[in-house]
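Descriptive analysis of the structure
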Amino acid sequence: MSYRNAFSRVLSDVIAPRAERTGREGSFPRGAVTALGEAGLLGLTVSADLGGGGRGPAEAAEVVARIAGSCPVTAAVLQSHYAAVAVIEACGSAWVRGEIAAGRHLSSLALADGAYGAAGATATRSGEVVALSARKREVVAAGEADSYVWSSSPLAAADGLTLWLVPAHAPDLFVPARPDGAGPHGSATSSVVADPVLVPADAMLGEDGAGHDVVLRTVLPWLLALRDAVGAAAVHPSVAAAESAPSARAGAAQLSAVAPAATALR
């Protein structure tokens, strides 16, 4: 069965019938996410060599746009997932990519820190363990995703930011009891607090200090492509923030909103 046929079945049998209730009750669309995983849609953009769909932004945007017409909540969750997976595909381990391809792993972006202009997240290494401290905002699927693509200040690089894959089940990672984000009701958009959270040094995505380029060249293009596909009805909070955020430099507003930890822009 092609991914389009499988997707059409999930959309008509699972997502659309539950959409009104999901929006009304503000419940996370766990059933929709599970069905999308089983149908291969969570792994749509993972390499075919690892069992994924091997598709790109155009196909992902088509899926998100069709879902947005029925359930903006599920669309917002999938937007963040696909953008996070783009980073994981470029920099992550084969094991995590395989889990995503198998439909067993939902990821999300955790790139925005505190209020605009606030200091970015910190990272401190001790041996093979890194302590990450931050209060991330506008995290979609907070407390529901299996991992977060997380930004921090570099460990040793002079400037830029560093990206990490943080397991959502890690100790000392907290989500407020009441979601405090601006995403669609039911998308579990909220803050995520690391106080600190400990991750292995090999959880780093890419090179130390190179996250700035990854955000600009991978995250933003994916988010904007997905935003363009669905229109204003299901804009990812990171993009919505980017469009209204002040910036000290021309052209830096989007990056400063999506990843305020990029102190190199100052």
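Quick caveat: nothing in here was measured; it's all calculated off a predicted structure.

Looking at the overall build of the chain
- Helix and strand counts for the chain come out as 8 helices and 9 strands.
- Partitioning the contacts of the chain with sequence separation of at least 6, the portion at a separation of at least 24 is 68%.
- As presented, the chain carries roughly 11,000 Å² of accessible surface, and 51% of it is formed by carbon and sulfur atoms.

Examining the packing of aromatic side chains
- Going through the model one piece at a time under the given rule, you end up with 0 aromatic pairs.
- The ring of tryptophan 150 has lysine 136 sitting right over it, with the charged end atom 5.3 Å from the ring centre.

Concerning the environment of tyrosine 82
- As for its placement among the helices and strands, tyrosine 82 is situated in helix 4 (residues 72-91).
- You can call tyrosine 82 buried: its relative accessible area is 0%.
- For the pair tyrosine 82 and leucine 42, spaced 40 residues apart in sequence, the C-alpha separation works out to 7.8 Å.
- Those residues within four positions of tyrosine 82 in sequence are excluded, and the remaining contacts are Leu41, Leu42, Leu44, Thr45, Ala60, Val63, Val64, Trp222 and Leu226.

What to know about unusual backbone geometry
- Cis geometry is found at the peptide bond from aspartate 195 to proline 196, where omega equals -20°.
- Inspection of the secondary structure assignment puts proline 196 in strand 8 (residues 190-200).

What to know about the nonpolar core
- Ranked by internal contacts, the top residues of the largest apolar core, which has 77 residues, are Tyr82, Trp150 and Trp164.
- With 11 residues, helix 4 is the largest single contributor of residues to this core.

A short note on the environment of histidine 81
- Position of histidine 81 relative to the elements: it lies in helix 4.
- Considered as a pair, histidine 81 and alanine 145 are 64 residues apart in the sequence and their alpha carbons are 8.7 Å apart.
- Setting aside residues up to four positions removed in sequence, histidine 81 forms contacts with Leu42, Ile100, His105, Leu106 and Ser107.

Points about the sheet that holds strand 5 (residues 147-152)
- In spatial order, the strands read 1-5-6-9; together these 4 strands make up an open sheet with mixed pairing. Only two strands of the sheet have a single neighbouring strand rather than two, namely strand 1 (107-110) and strand 9 (204-205).
- Relative to strand 9, strand 6 (residues 162-167) is paired through 2 bridges, and the arrangement is antiparallel. In the sheet register, leucine 163 faces strand 9, and the bridge partner there is leucine 205.
- Strands in contact with helix 4 are strand 1, strand 5, strand 6 and strand 9; relative to strand 1, the strand with the most contacts, it is inclined by about 90°.

With respect to helix 3 (residues 57-70)
- The end-to-end C-alpha separation of helix 3 is 20 Å, in line with the 20 Å expected for 14 residues at 1.5 Å each.
- Along helix 3, the residues that are buried comprise Ala60, Ala61, Val63, Val64, Ile67 and Ala68. What you see down the axis of helix 3 is that its buried residues fit within an arc of 160°, all on one side. Exposed residues lying more than 90 degrees from the buried face of helix 3 are Ala58 and Gly69.
- Against the buried residues of helix 3 lie helix 1 (3-25), helix 2 (30-38), helix 4 and helix 6 (211-230).

Describing the pattern of salt bridges
- In total, this model carries 9 salt bridges according to the counting rule given.
- Among the ionic pairs, glutamate 20 bridges to arginine 24, the shortest N-O distance being 4.0 Å. On the criterion of helical spacing, the pair formed by glutamate 20 and arginine 24 is a turn pair, its members being 4 residues apart in helix 1.
- Residue classification places arginine 24 among the exposed positions, given a relative accessible area of 54%.
- With a shortest N-O distance of 3.0 Å, arginine 125 and glutamate 128 are connected by a salt bridge.
- Note on glutamate 128: relative accessible area 56%, which makes it exposed.

Observations concerning the side chain of serine 107
- Inspection of the secondary structure assignment puts serine 107 in strand 1.
- There is a polar contact of 2.9 Å between the side chain of serine 107 and the side chain of serine 147.
- In this view, serine 107 contacts Ser80, His81, Ala84, Ile88, Ala145, Ser147, Tyr148, Val149 and Leu165; residues no more than four positions away in its chain are not counted.

Conventions used here
- Residue positions within a chain follow its written sequence, with the count starting from 1.
- Under the rules for a predicted model, residues below a pLDDT of 70 receive no local features and side-chain atom pairs below 80 are neither given nor counted, while totals for whole chains, interfaces and linings still include all residues.
- Hydrogens and water are ignored here; the side-chain numbers use all heavy atoms of the structure.
- Here a helix means four or more residues in a row that DSSP labels H or I, a strand means two or more in a row labelled E, and each is numbered from the N terminus.
- In what follows, residue pairs with any heavy atoms lying within 4.5 Å of each other are defined as contacts.
- The accessible surface values rely on the Shrake-Rupley method and a 1.4 Å probe; as for residues, cover is taken only from the protein chains in view.
- Here is the rule: rings of Phe, Tyr and Trp (six-membered ring for Trp) pair when centre to centre is within 6.5 Å. Planes less than 30 degrees apart are stacked, more than 60 are edge-to-face, and the remainder are tilted.
- The criterion is that NZ of a Lys, or CZ of an Arg, lies within 6 Å of the ring centre and within 35 degrees of the ring normal, and then a charge sits over that ring.
- Three exposure classes are used, based on accessible area relative to the maximum for each residue type with a 1.4 Å probe and protein chains only: buried under 20%, partly exposed in between, and exposed over 50%.
- In this description, a nonpolar core means a group of buried Ala, Val, Leu, Ile, Met, Phe, Trp, Tyr and Cys residues linked to one another through side-chain atoms lying within 4.5 Å.
- If DSSP finds at least two bridges between two strands, the strands pair.
- For every element, the axis is a line fit to its C-alpha atoms; helices are fit only across the contacting stretch, and the angle between N-to-C directions ranges from 0 to 180 degrees.
- Given a helix with a known number of residues, its expected span is that number minus one, times 1.5 Å.
- By construction, the arc corresponds to the directions joining the helix axis to the C-beta atoms.
- The rule for a salt bridge is simple: a side-chain nitrogen of Lys or Arg has to be within 4 Å of a carboxyl oxygen of Asp or Glu.
- Distance and chemistry together define a polar contact, namely a pair of N or O atoms within 3.5 Å, with one atom able to donate a hydrogen and the other to accept it when in protein, and with adjacent residues in sequence counting only for side-chain atoms on both sides.

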